Amino acid sequence: MFVPDRSFIYALLTKGRPSPFFIVVSAVIFCTVNGLFQGSYMLFCAQYDEAWLTDIRLILGLTLFFLGMAINIHSDHILRNLRQTGEVVYKIPRGGLFEYVSGANFFGEIIEWFGYAIATWSLPAFSFAFFTMCSIGPRAFHHHRFYLQKFEDYPRARKALIPFII
């Protein structure tokens, strides 16, 4: 469900500047390799019995995954609607978790993939969640610093990535 949203729906609904070709190709390569790792593990290595359906790791992981997905989709909706078609000016995101952090979409995605890692309890999934945190976490701090420098009226109480913490 998330992959079609991120890969197709979000891309088609985005307003403003198009993504650079190199970034698109890099994302396709990364997602393909990651999909091969995740799929290979799930097909050839993972073994879940019936007891797994009531295991706290699966229940907690799925809860976090869907919570993160909801945060991510809602945050993307807010970001998409900041601009009119063709407009490239920067605006302050407001609403949802953007009231607490500059990178609400990044926070949602990190929560989502750590939820997946807990639900599958697999090394490839934890590796992906960790890589996601290491690659988009710094982007949240960069965006936060940018907003603070660009907008005098940017909410100073907002954190960069984790509500009330950092």
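Everything here concerns the structure above.
Just so we're clear, the structure is a prediction, and the values are computed from it rather than from any experiment. (Residues numbered from 1 in each chain as written. Predicted model: local features only at pLDDT ≥ 70, side-chain atom pairs only at ≥ 80, totals over all residues. Heavy atoms only, no water.)

A. Up close: the pattern of salt bridges. Scanning all chains against the criterion turns up two salt bridges. Across the pair aspartate 55 and arginine 57 runs a salt bridge whose closest N-O atoms are separated by 2.9 Å. Given the relative accessible area of 19%, aspartate 55 is considered buried. Between lysine 91 and glutamate 87 there is a salt bridge, with the nearest N and O atoms lying 3.3 Å from each other. Of the residues examined, lysine 91 reaches a relative accessible area of 31% and is grouped as partly exposed. (Salt bridge = Lys/Arg side-chain N within 4 Å of Asp/Glu carboxyl O. Buried < 20%, exposed > 50% of the residue type's maximum accessible area, 1.4 Å probe, protein only.)

B. Region of interest: the packing of aromatic side chains. Per the counting criterion, the structure on display carries 13 aromatic pairs. Plain terms: the ring middles of phenylalanine 30 and phenylalanine 128 are 5.8 Å apart, the flat faces sit at 25 degrees to each other, and that makes the pair stacked. Of the two residues, phenylalanine 30 is situated in helix H2 (residues 21–45) and phenylalanine 128 in helix H5 (residues 123–150); the sequence distance between them amounts to 98 residues. For the ring pair tyrosine 90 and phenylalanine 146, a centre distance of 4.9 Å and an interplane angle of 65 degrees mean the geometry is edge-to-face. Taken as a pair, tyrosine 90 in the loop between helix H3 (56–80) and helix H4 (104–120) and phenylalanine 146 in helix H5 lie far apart in primary sequence, 56 residues in all. Taken together, Phe30, Phe65, Phe66, Trp113, Tyr116, Phe128 and Phe131 form an aromatic cluster joined through their ring pairs. Above the plane of the ring of tryptophan 121 lies arginine 57, whose end atom (NZ or CZ) is 5.0 Å from the centre. (Phe/Tyr/Trp six-rings, centres within 6.5 Å; stacked < 30°, edge-to-face > 60°. Helix = DSSP H or I, 4+ residues; strand = E, 2+ residues; numbered from the N terminus. Lys NZ or Arg CZ within 6 Å of the ring centre and 35° of its normal.)

C. Broad picture of the side chain of threonine 120. Counting through the fold element by element, threonine 120 comes out in helix H4. Look at threonine 120 and you get buried, because its relative accessible area is 6%. At a separation of 3.2 Å, a polar atom in the side chain of threonine 120 contacts the side chain of serine 122. Dropping the residues within four chain positions of it, threonine 120 is found in contact with Met42, Tyr48, Trp52 and Ala125. (Polar contact = N/O pair within 3.5 Å; in protein donor to acceptor, adjacent residues only side chain to side chain. Contact = heavy atoms within 4.5 Å.)

D. Focus on a nonpolar patch on the surface. Taken together, the side chains of Phe21, Val25, Ile29, Val33 and Phe37 define a hydrophobic patch exposed on the protein surface, amounting to about 520 Å² of accessible area. By secondary structure assignment, the location of phenylalanine 21 is in helix H2. (Patch = residues over 30% accessible without salt bridge, like charges linked within 9 Å, V, L, I, M, F, W, Y side chains within 5 Å. Areas by Shrake-Rupley, 256 points an atom, 1.4 Å probe, with all protein chains shown as cover.)

E. Expanded view of H3. With 25 residues, H3 extends 36 Å between its outermost C-alpha atoms, agreeing within 8% with the 36 Å of an ideal straight helix rising 1.5 Å per residue. Of the residues that open H3, the one with a side-chain oxygen 2.8 Å from the backbone nitrogen of arginine 57 is aspartate 55. (Expected span 1.5 Å × (residues − 1).)

F. Structural view of the packing of H3 against H4. Where H3 contacts H4, the axes come no closer than 7 Å and their chain directions differ by 160 degrees. Taken together, the axes of H3 and H4 lie roughly antiparallel to each other. Two packed elements cross with a definite hand, and for H3 against H4 that hand is left-handed. Residues belonging to the contact of H3 with H4 are distributed by class as follows: 14 nonpolar, seven polar and four charged. (Axes fitted to C-alpha atoms, helices over the stretch in contact; angles between N-to-C directions. Parallel < 35°, antiparallel > 145°, perpendicular 65-115°, else oblique. Left-handed = near helix turned anticlockwise from the far one by under 90°. Nonpolar A, V, L, I, M, F, W, Y, C, P; charged D, E, K, R; others polar.)

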